[in-house]
Amino acid sequence: MSHPEEPVGPVSAAARRTRRSWLLPTLTGYRREWLLPDVVGGLSAGAVVVPQAMAYATIANLPVQVGLYTAIVPLAVYALLGGSRTMSVTTTSTIATLTATTLVSAGVAAGSDDALGSLMTLTLLVGIVLLIARLLRLGSLVENISGATVLGLKIGVGATVAVGQLPKLLGETGDYSGHGFLRSLAAVGQALDTANPATVALSVASIAVLVVLARFAPRVPGPVIVVVAGILLVAVAGLEARGVALIEPVPSGLPIPGLPDLDGLAALTPGALAISVMSFLESATVSRTLRTPAEPPVDADRELFATGAGNVAGAFFTAMPAAGGFSQSAVNQNAGAKTQLSTLVTVMLAVLVAVFLGPVVSLLPQATLAAMVFVAVVGLINLPELVRWAGISPIDFWIALLVAAIGLTAGLLPAVVAGVVVTLGLVLRELNRAAVTAGEHQGDVLAVHLGNGLYTANTRSNTTAVEELVAAEPGVARVVLDLHRLAAITITVLDGLAELDRALAGTGVELHLAALPPRAAVVAQRVAWYQKLEADGRVHATVDEALATLGSASGPAARPRPSINP
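Residues numbered from 1 in each chain as written. Predicted model: local features only at pLDDT ≥ 70, side-chain atom pairs only at ≥ 80, totals over all residues. Heavy atoms only, no water.

Each aromatic ring pair is specified by the distance between its two centres and by the angle formed by the two planes. Applying the stated criterion across every chain yields a total of three aromatic pairs. When the centroid spacing of 5.1 Å and the interplanar angle of 75° are considered together, the rings of Phe 397 and Trp 398 count as edge-to-face. Between Arg 215 and the ring centre of Phe 216, over which it is positioned, the NZ or CZ distance is 5.1 Å. (Phe/Tyr/Trp six-rings, centres within 6.5 Å; stacked < 30°, edge-to-face > 60°. Lys NZ or Arg CZ within 6 Å of the ring centre and 35° of its normal.)

The following block contains the structure:
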């Protein structure tokens, strides 16, 4: 095998790897000894992915085969394009719940003829939004959404879905998760009067097996155990005759390509935006969590592209919106998987189930899938973490609590919107906070450093802080303002600096600018005020040059002053 530094023909191996890195990037430099761990990891992840995907489809009252299709197309596309070595991209409990909420909000009736067409439209919209975000390089911006928002939303999702599964665990056939927490709670009260004893027994046993295996034998695939047990009990013990409801018959075969139903495009768009945000956040979080020190840093824009492409492709094969799922990804990594070849093994397993095991899967009790969903989502209700945050950062605690409360009362889509708005508000507040520090004070010359860049909303607060800092320093006649953080500059910022110049001049202080980056300087040189500063010799390449030119050799060296950062 050639090494990166060895040229191969006219083009080096490194250059060839760069060209092909967009496709199967995790297989670059593949080693033969990785094959067995990848196969084992793919099979282990498949034992979780396949039954879990079918279960999550029921959250949105969709046929279980939709979950199977989601474990095929988006998963395969991400394996081809994604940068995480072990992340598995199918649907998750959060995404499935938001999908259910969106379809209900758009007036799509569960089980209706247009439900699958609307689902395809929703998945396509999610993919398009993610691809547009990639085109605009918004990956790092989306990642600014706070952990408090995500925690609050997951608590809301966990409580809503857990309560929504209770009617199925008692013997009812409907899923009320998409109707919200309060409606689901009312459905539980109604189901108590008609609870089926055989269904309740199966539900309790399934939950117990999942919890015990997860606690004491985490390498044993609990979902596979309860699925196989449920199917065997139906086939051997005749549970259906005892009133245990089964899932709808599952057709054998691969998904057939189709076209989205665009009639409900406008109604589905708000939900698609919320799902897109959560899809990327979950995928980015999982990929960063699973990344080992030896792996390259996670490229947010690559993840946006890979996840978006997976959703666009999946839309035409009746897949649900997809995102990186932690449980199956962790199983994949813990089993020793090295690359996304393991994901392709999982895809092949899902294909085999879809093609050959439809009649067998059709014997699956609804309560078994409900038990799997219930156990998965209860883990999202992380109240100990919420309590811990209360003692560390009260503002994060209240944000998480607010988002959770909105999710449980007004619904999950308003909770996502509220969380994003609150997060952006906090980001803007931090950006608008003045961060001005006094530097060297040589003679009558004072250097002032800006801790942040300047833009439209924070110019006034920073220029005011500069005035206050200069006023507090005795004997200052000239101020050198360090502008090295201004990678770009706007008319508003230039006007603010010109106003600062006039204000300082009114107190007998002369303003000098230093270290303005070239890109910003090109814009500034189009303004008459800045041209005059250059003509007067009040623009300098660096702060040190300005101090050397203006400072008095006999002047006392200044000590660093506290920053003004209210």
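On we go from here.
Let us look at empty space enclosed by the protein. Going through the model one piece at a time under the given rule, you end up with one cavity of 30 Å³ or more. Roughly 30 Å³ of volume is contained in the largest cavity. Together, Gln 65, Leu 68, Tyr 69, Val 250, Pro 251, Gly 253, Val 353, Ala 354 and Gly 358 line the largest cavity. Elements supplying a minimum of two residues to the lining of the largest cavity: α3 (64–70) and α15 (341–356). The element contributing the most residues to the lining of the largest cavity is α3, with three residues. Considering only residue class, the lining of the largest cavity consists of six nonpolar, three polar and no charged. (1 Å grid on protein atoms, 1.4 Å probe; cavity = no way out; pocket = protein on both sides within 12 Å on 5 of 7 lines; lining within 4 Å. Points joined across faces, edges and corners; volume = space filled by probe spheres on them. Helix = DSSP H or I, 4+ residues; strand = E, 2+ residues; numbered from the N terminus. Nonpolar A, V, L, I, M, F, W, Y, C, P; charged D, E, K, R; others polar.)

Within the fold, Val 250 resides in the loop between α11 (222–237) and α12 (265–290). Residue class for Val 250 comes out buried when judged on its relative accessible area of 8%. Taking the C-alpha atoms as reference points, Val 250 and Leu 192, separated by 58 residues in sequence, lie 29 Å from one another. Those residues within four positions of Val 250 in sequence are excluded, and the remaining contacts are Val 64, Gln 65, Gly 358, Pro 359, Val 361 and Ser 362. (Buried < 20%, exposed > 50% of the residue type's maximum accessible area, 1.4 Å probe, protein only. Contact = heavy atoms within 4.5 Å.)

This paragraph deals with the layout of surface pockets. Taken as a whole, the largest pocket holds about 1,400 Å³ of empty space. As for the largest pocket, its lining consists of 44 residues, of which Gln 52, Phe 326, Ser 327, Gln 328 and Ala 330 are closest to the centre. Class assignment for the residues of the lining of the largest pocket results in 26 nonpolar, 15 polar and three charged.

Time to look at a nonpolar patch on the surface. Taken together, the side chains of Ile 128, Ile 132, Leu 135 and Leu 136 define a hydrophobic patch exposed on the protein surface, amounting to about 410 Å² of accessible area. Relative to the helices and strands, Leu 135 resides in helix α6 (residues 115–135). Since its relative accessible area comes to 70%, Leu 135 is described here as exposed. (Patch = residues over 30% accessible without salt bridge, like charges linked within 9 Å, V, L, I, M, F, W, Y side chains within 5 Å. Areas by Shrake-Rupley, 256 points an atom, 1.4 Å probe, with all protein chains shown as cover. Salt bridge = Lys/Arg side-chain N within 4 Å of Asp/Glu carboxyl O.)

The subject of this paragraph is the sheet that holds strand β7 (residues 478–482). Overall, mixed pairing links the five strands, which are arranged β5-β6-β7-β8-β9 in an open sheet. Two strands close off the open sheet at either side, each with one partner strand: β5 (436–442) and β9 (539–540). Where strand β6 (residues 445–450) meets β7, five bridges bridge the pair, whose relative direction is parallel. Paired with His 449 across the two strands is Asp 482, which belongs to β7. The strands touched by helix α21 (residues 459–472) are β5, β6 and β7; relative to β5, the strand with the most contacts, the crossing angle is about 40°. Most of the contacts of helix α22 (residues 491–505) go to strand β8 (residues 510–514), to which it runs at about 145°, and overall it touches β7 and β8. (Pairing = 2+ DSSP bridges. Axes fitted to C-alpha atoms, helices over the stretch in contact; angles between N-to-C directions.)

Here α6 crosses α12 at 55°, and the two axes come no closer than 8 Å. With respect to α12, the axis of α6 lies oblique. With respect to the hand of their crossing, α6 and α12 are arranged in right-handed fashion. From α6, Ser 118, Thr 121, Leu 122, Leu 125, Val 126, Val 129 and Leu 130 reach across to α12, where they touch Leu 265, Leu 268, Thr 269, Gly 271, Ala 272, Leu 273, Ile 275, Ser 276, Ser 279 and Phe 280. Split by residue class, the contact of α6 with α12 holds 11 nonpolar, six polar and no charged. (Parallel < 35°, antiparallel > 145°, perpendicular 65-115°, else oblique. Left-handed = near helix turned anticlockwise from the far one by under 90°.)

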